[in-house]
Amino acid sequence: MTTTTTTTINNHRFLIRFITLSLHEFLFLLFLWPLSSSSSSSSSSSFSLPSLSLRKLSQDLTSIHFIGDLHADVSCARQWVEKTNLVNLTTTPFEWLGDPHADALVFLGDYVDKGSTSASVLKFVRELQETFPNNVVTMLGNHDFFLILDTALSFSLSNPHPLGHPFYDYAYSFMHPEEYIESDWVLNREDDEELLGEILLALSFVYDSNLQGSVHLCAPNCTREQQDLFELVPPFDRNVTLKERAIERLNLWRQEYARGLYDSGLMQWMTQQPLVAIVGDALVVHGGVSDRVVDFVEAMATRQPPQQQSQSQSQGMNHVNVTKALHSMTNVAFSRFFQQELEKVHGANQIQARLTGGYVLEIIMDMVQHRGYFDRIKGCSEVKYVLDKLNGAGTGAGAGTGLNRIVVGHTPHDDATELCNGKLLASDSSLSRSFRAHGNMYCPLKKSLVEDYARGRICSKALQKEQCEGSISRITRASVKDAWPTNVQRFQFHELHSATSRSSSDSSGSGSGGSVSSTLESRFTTQEEAILPQQQDEL
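Treat the numbers as computed from the prediction; the structure is a model and nothing was measured.

Rules used in this analysis
Residues numbered from 1 in each chain as written. Predicted model: local features only at pLDDT ≥ 70, side-chain atom pairs only at ≥ 80, totals over all residues. Heavy atoms only, no water. Helix = DSSP H or I, 4+ residues; strand = E, 2+ residues; numbered from the N terminus. Buried < 20%, exposed > 50% of the residue type's maximum accessible area, 1.4 Å probe, protein only. Contact = heavy atoms within 4.5 Å. Areas by Shrake-Rupley, 256 points an atom, 1.4 Å probe, with all protein chains shown as cover. Pairing = 2+ DSSP bridges. Axes fitted to C-alpha atoms, helices over the stretch in contact; angles between N-to-C directions. Salt bridge = Lys/Arg side-chain N within 4 Å of Asp/Glu carboxyl O. Core = buried A, V, L, I, M, F, W, Y, C linked by side-chain atoms within 4.5 Å. Disulfide = S-S within 2.5 Å. Parallel < 35°, antiparallel > 145°, perpendicular 65-115°, else oblique. Left-handed = near helix turned anticlockwise from the far one by under 90°. Nonpolar A, V, L, I, M, F, W, Y, C, P; charged D, E, K, R; others polar. pLDDT = per-residue confidence, 0-100. Phe/Tyr/Trp six-rings, centres within 6.5 Å; stacked < 30°, edge-to-face > 60°. Lys NZ or Arg CZ within 6 Å of the ring centre and 35° of its normal. Expected span 1.5 Å × (residues − 1).

Before going further, it helps to examine the overall build of the chain. Counting its secondary structure elements, the chain contains 21 helices and 15 strands. In the chain, which comprises 539 residues, the proportion classed as buried is 59%. Across the chain, the fraction of contacts at a sequence separation of at least 24, relative to all contacts at a separation of at least 6, is 76%. By element, 49% of the accessible surface of the chain is carried by carbon and sulfur atoms, the whole surface being about 21600 Å².

Dropping the structure here:
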């Protein structure tokens, strides 16, 4: 069995655990569900827990823009936001150009990894969300979630990483080594580019040999299941001095980067962003809420000790608000854990506690990585089932939720794609230029590195383009009294024109963007699935 397969099995073993609960875990869930939105008197002012509702922003919205996975491309992130004509990015602070009561901008998460400007993207979206909290929603994706685990938690042989090992150990798909020297959190050293270049050359050899799923950048903290790139791959396998220098520098970069994430407040901010939300008539979640998760949440929320169950039945309380339970078991539990733990520490990688109670980690892992909606046979049935459950079909619970669609990122396509007769909007349109050029591989991106270190069959075959590609989506209605339409509009980059105010065509909901095609033009097939099928969910 390969290392990759072992890791996949370990990361998904929690699915079996949904079946049974101990009394202690059950009582923990009962405690979580009715959590108050107010924080304790000892809470830091930098934290604020979510409300008791999944709903974000006002119900009086008439226009919502959805922007998919940005993956460490800050230049295109800024250009796409400018193209919405909702924000003036030339002012300090940013100026909202849209209607402050009617317009919204929703990011689907995955701000980091695969490119080299993760830190800059995080700073950008945080500034937008904090400047316009009534208009901007910033969801968390699986890559953002893994970055939190890798930089906030302390891990050792006696208290290992909750998912086996840090995700930055992977030789593809996560933390691009170039990210470290591109951020302002890592000190500049004279030989940084030399050592980075040697690491990129070794990675190029790994990709050409199709070893990316077998070796890790894990020294000196490799687990027994990991195979170390620095021991096995040239030039490090035959140059001990170079190997030791590269290992030492990479680990120093990681420490400084984690410290920068903490000191900047970005780590704390990330832990308070939603994992699942309702905006307008849409359930918004990075990967998806699976049928097994919604059933699990409903079952846990309805399980009560016998005396409470009898009392509830006598009072006619036989239904449960699944949306409230989902919110409490994910957003509230996640943000509360990190609020409490970060207040106890004074730096990165210091939290020794783990997200263990109430299956919070397992549910979150399922939601940020789910791809079941794209199953050609069962996907649309699952979408309908989840929407019905959250709308309280057949129970009277959740009345007024008014969910008509699910909006997700995570599964990349060439363009934003509408499926299931408008019930599913796939927003990940491969907006990151590095992902479009190199997929999940860490190929050189900086011009000087490309010139000196772009080698091999994979990394020398394509260069990152200058122009941004992909598409974003918008849904509009004439007034708050009108229902949201079935279909959304999709806009490619060349179809939108930045301006200091929205054009008349934009305000009227017309324009060049048409209804999203239902054709599945999936980069998941061409880029991710082709690399390593058994690790689809970890990408």
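With mixed pairing, five strands are arranged side by side in an open sheet as S8-S9-S10-S12-S11. Strands at the two margins of the open sheet, each flanked by one partner only, are strand S8 (276–279) and strand S11 (417–419). If you compare each strand with its neighbour and ignore which way they point, the axes differ by 20 degrees on average. As paired elements, S11 and strand S12 (residues 424–426) share three bridges and run antiparallel to each other. Directly across from Leu419, in S12, lies its bridge partner Leu424.

Here we take up the pattern of salt bridges. Oppositely charged side chains can pair when the atoms bearing their charge come close. Per the stated rule, a full pass over the model turns up 18 salt bridges. Residue Arg189 is joined to Glu256 by a salt bridge in which the shortest nitrogen-to-oxygen separation is 2.5 Å. You can see Arg189 sitting in the loop between helix H7 (178–182) and helix H8 (192–208) and its partner Glu256 sitting in helix H10 (residues 240–263), a full 67 residues away along the chain. The class for Arg189 is partly exposed, based on a relative accessible area of 21%. Note on Glu256: relative accessible area 6%, which makes it buried. Connected through salt bridges with shared partners, the residues Asp191, Asp192, Glu194, Arg245 and Arg249 form a single ionic network.

So, on to the pairing of strand S13 (residues 471–476). Consecutive residues of a regular strand have side chains that alternate between opposite faces of the sheet. Of all six residues making up S13, five are buried, and the element is well covered by its neighbours. In the sheet, strand S1 (residues 63–67) pairs with S13 via four bridges, with the strands oriented antiparallel. Within the sheet, the bridge partner assigned to Ile64 lies in S13 and is Ile475. By the bridge criterion, four bridges tie S13 to strand S14 (residues 489–492) in an arrangement that is antiparallel. By the bridge assignment for S14, Arg474 is matched with Gln489.

When a protein is soluble and globular, its nonpolar side chains tend to lie buried together. Formed by 132 residues in total, the largest nonpolar core has its most connected members in Val289 and Phe338. In terms of nonpolar packing, the next biggest core, distinct from the first, is built from 18 residues, Ile64, Phe66, Ala277 and Val488 among them.

Here, disulfide denotes a covalent bond that connects the sulfur atoms of two cysteines. Under the counting rule described, the total for this entry stands at four disulfides. What pairs with Cys380 in a disulfide is Cys420, and their sulfur atoms sit 2.1 Å apart. Because the sign of the S-S torsion sets the handedness, a value of about -85 degrees for the bond joining Cys380 and Cys420 places this disulfide among the left-handed ones. With Cys380 in helix H16 (residues 379–390) and Cys420 in the loop between S11 and S12, this pair connects stretches of sequence that are 40 residues apart. Residue classification places Cys380 among the partly exposed positions, given a relative accessible area of 40%.

The subject of this paragraph is the side chain of Ser63. Along the polypeptide, Ser63 turns up in strand S1. Its relative accessible area of 7% is what places Ser63 among the buried residues. Once residues lying within four places of it in the same chain are set aside, the contact partners of Ser63 are Ala102, Asp103, Ala104, Arg474, Ile475, Thr476 and Trp484.

Attention shifts here to the packing of helix H12 (residues 291–302) against H16. It is the contact of H12 with H16, at a shortest axis distance of 9 Å, that shows an interaxial angle of 20 degrees. As judged from the angle between their axes, H12 and H16 are roughly parallel. Along this stretch, H12 crosses H16, giving a crossing that reads as left-handed. Contact residues: H12 offers Asp291, Val294, Asp295 and Glu298, while H16 offers Glu382, Tyr385, Val386, Lys389 and Leu390. Split into classes, the residues belonging to the contact of H12 with H16 amount to four nonpolar, no polar and five charged.

Looking at the element boundaries, Gly402 is found in the loop between H16 and strand S10 (405–408). Sequence separation between Gly402 and Asp281 is 121 residues; the distance between their C-alpha atoms is 5.9 Å. Residues within four places of Gly402 in sequence aside, it is in contact with Asp281 and Asn391.

Here the chain shows a mean pLDDT of 84. Residues at 70 or above account for 78%. Below pLDDT 50 for its whole length, residues 500–512 participates in 20 contacts with residues either more than four positions away or in separate chains. Long-range and interchain partners of residues 515–538, a stretch whose pLDDT sits below 50, account for 80 contacts in this model, where long-range means more than four residues apart.

Scanning all chains against the criterion turns up 18 aromatic pairs. Judged by centre distance (4.9 Å) and plane angle (90 degrees), the rings of Phe337 and Phe338 are edge-to-face. With respect to burial, Phe337 and Phe338 carry one shared label: buried. Sitting over the face of the ring of Phe493, Lys83 holds its NZ or CZ atom 4.4 Å from the ring centroid.

Further remarks concern H8. Taking 1.5 Å per residue, 17 residues should reach 24 Å; H8 reaches 24 Å between its end C-alpha atoms and fits that length. Burial analysis of H8 places twelve of its 17 residues in the buried class, which makes it a mostly covered element. Turning to H8, the residues buried within the fold contact H7, strand S6 (215–216), helix H9 (229–232), H10, helix H18 (447–453) and helix H19 (456–459). Following H8 by one or two positions, Asn210 adopts a phi angle in the positive range, close to 55 degrees.

A separate point is unusual backbone geometry. The amide bond that connects Thr92 to the next residue, Pro93, takes the cis arrangement and shows omega of -5 degrees. Locating Pro93 in the fold gives a position in the loop between strand S2 (87–88) and strand S3 (95–96). Looking along the chain, the bond that leaves Pro234 and enters Pro235 is cis, with omega of 5 degrees. Residue position: Pro235 is located in the loop between H9 and H10. Although it is not a glycine, Ser173 adopts a positive phi angle of roughly 80 degrees. Within the secondary structure, Ser173 sits in the loop between helix H6 (142–152) and H7.

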